[in-house]
Amino acid sequence: MLHTVNKSPFEKNSLQTCLRLSQPGSSILLIEDGIYGALKGSDAAANITEHLQDRQFYVLGPDLKARGIDKSRLIDGIEIVDYDGFVKLAVEEPKVQSWM
Amino acid sequence: MSDQEASPTSGIIKKFLYVNRRAPHGSNYAQEGLEVALVGAAFEQDVAMAYIDDGVFQLKTDQDTSEIGTKNFSPTYRALGDYDVKKIYVEKESLEKRGLTQDDLMPLVYEDEDDDWAEKPMINLVSAAELQDIIEQSDVVLNF
Amino acid sequence: MTIEVSGKSYETDEEGYLANLSDWNLELAEAMAKQDGCDLTENHWEVVNFLREYYDEYQIAPAVRVLTKAIGKRLGKDKGNSKYLYELFPYGPAKQACKYAGLPKPTGCV
């Protein structure tokens, strides 16, 4: 299943809840302000690093670019996708759950 | 001039502090906070900006919204100096929590009229304790 | 509202400011000025072009006080003062010149 998160982890608990309620093997795509959850060295980074083993994480490139976040600032192991990649993920996965 | 004509430009200068706590592109708060601050500054009020929590992301370098189809208002922060805004406070704790340092922030400057228009940095990193005093000493605090 | 120039029609807001920045051209600027009974001279163009450059760099149209100061810095004190600018643009230098420059109403203008 594909889960999307569009809120900053410093302001809302959408990412935490997504990780608590998504099954191992899920794909998690960070979009809009959700991309701040992918920042290496932040207080929220542990959310993702603790789940890298059994979840696949993606961030939407255009949203990174809009916010001035370079790929070098991301937690290692997170993949950047463009809009086509987003569509591909959504089509490949049987269901999409949006954590807003 | 009669007393009735007292307008914001005719004398009373108040200390305005605009507190910005939202990330830049996920909602309109950031852009509106910036525009309202510029309007206030155009009326020759003493305007200072504070960036705390996700608001610190507003000052991040290299923002480029061309691929998300929204207006890139990031360059407008550089106009604050033209509007005589000279004080930008960024809370250290908020930056650290997000894995950011001052190098991640746009190098905003103003030109000091009293010092042969020398460019001076506007951004001051302050601790929460210092920010408490700044908020306390402001006449009007507006939140975005 | 719309404005017609050379058989083409351009969308404006209710105060005559161009709806789409990218529609702007020289002819359109002159037509807008003519509607206000104003012929654009070289001195007008200096200010209009300055505003377009300012917008390009900062993504806002400056308030009149900011414009006056910036013009003074760029074009000298004899032009960076309200008397000179109000003579050129009697409806308000920032407001009127921004209109001909195809920009939105200045930020800090009510």
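Quick note: structure is the one above.
Only a predicted model underlies this, so the values are computations on that prediction, with no experimental measurement involved.

Description of helix 1 (residues 14–21) of chain A
Line of reasoning, step 1. Residues of helix 1 of chain A that are buried: S14(A), L15(A), T17(A), C18(A) and L19(A).
Line of reasoning, step 2. Check the buried side of helix 1 of chain A and you find it contacts strand 1 (2–5), strand 2 (27–30), helix 2 (45–49), strand 3 (56–60) and strand 5 (96–99) of chain A.

Observations regarding the interface of chain C and chain B
Line of reasoning, step 1. Taken residue by residue, the interface counts 16 residues in chain C and 17 residues in chain B.
Line of reasoning, step 2. Across the interface of chain C and chain B, roughly 1500 Å² is buried in total on both sides, 52% from carbon and sulfur atoms.
Line of reasoning, step 3. Contact with chain B buries area across many residues of chain C, yet Y58(C), R65(C) and K69(C) alone supply 36% of it, more than any other trio.
Line of reasoning, step 4. One can count five salt bridges joining chain C with chain B.
Line of reasoning, step 5. Its salt-bridge partner being E57(C), residue R78(B) comes within 3.4 Å of it at the nearest N-O pair.
Line of reasoning, step 6. Counting the contacts that link chain C with chain B gives 10 residue pairs in polar contact (both at pLDDT 80 or more).
Line of reasoning, step 7. Secondary structure elements with two or more residues in the side of chain C that touches chain B: helix 2 (42–58) and helix 3 (64–75) of chain C.
Line of reasoning, step 8. Its residues assigned to classes, the side of chain C that touches chain B shows nine nonpolar, three polar and four charged.

Quick notes on the sheet that holds strand 6 (residues 123–126) of chain B
Residue and element names in this part refer to chain B.
Line of reasoning, step 1. Spatially, 6-3-2-1-7 is the arrangement adopted by the five strands of the open sheet, whose pairing is parallel. Single-partner strands in this sheet number two, and they are strand 6 and strand 7 (140–143). Pairs of neighbouring strands in the sheet enclose a mean axial angle of 25 degrees, with direction left out of account.
Line of reasoning, step 2. Judged from the six bridges that link them, strand 1 (residues 15–20) and strand 2 (residues 46–51) form a sheet pairing that is parallel. Opposite K15, over in strand 2, you have D46 as the bridge partner.
Line of reasoning, step 3. Where helix 1 (residues 29–42) meets the sheet, it contacts strand 1 and strand 2, and its direction lies at approximately 170 degrees from that of strand 1.
Line of reasoning, step 4. Contacts from helix 3 (residues 128–136) reach strand 1, strand 2, strand 3 (87–91), strand 6 and strand 7 within the one sheet, and its direction differs from that of strand 6 by about 115 degrees.

Definitions and cut-offs
Residues numbered from 1 in each chain as written. Chains lettered and ligands numbered in written order. Predicted model: local features only at pLDDT ≥ 70, side-chain atom pairs only at ≥ 80, totals over all residues. Heavy atoms only, no water. Buried < 20%, exposed > 50% of the residue type's maximum accessible area, 1.4 Å probe, protein only. Helix = DSSP H or I, 4+ residues; strand = E, 2+ residues; numbered from the N terminus. Contact = heavy atoms within 4.5 Å. Buried area = accessible area lost by both parts, 1.4 Å probe. Salt bridge = Lys/Arg side-chain N within 4 Å of Asp/Glu carboxyl O. Polar contact = N/O pair within 3.5 Å; in protein donor to acceptor, adjacent residues only side chain to side chain. Nonpolar A, V, L, I, M, F, W, Y, C, P; charged D, E, K, R; others polar. Pairing = 2+ DSSP bridges. Axes fitted to C-alpha atoms, helices over the stretch in contact; angles between N-to-C directions.

Read these as geometric descriptors, not functional statements.
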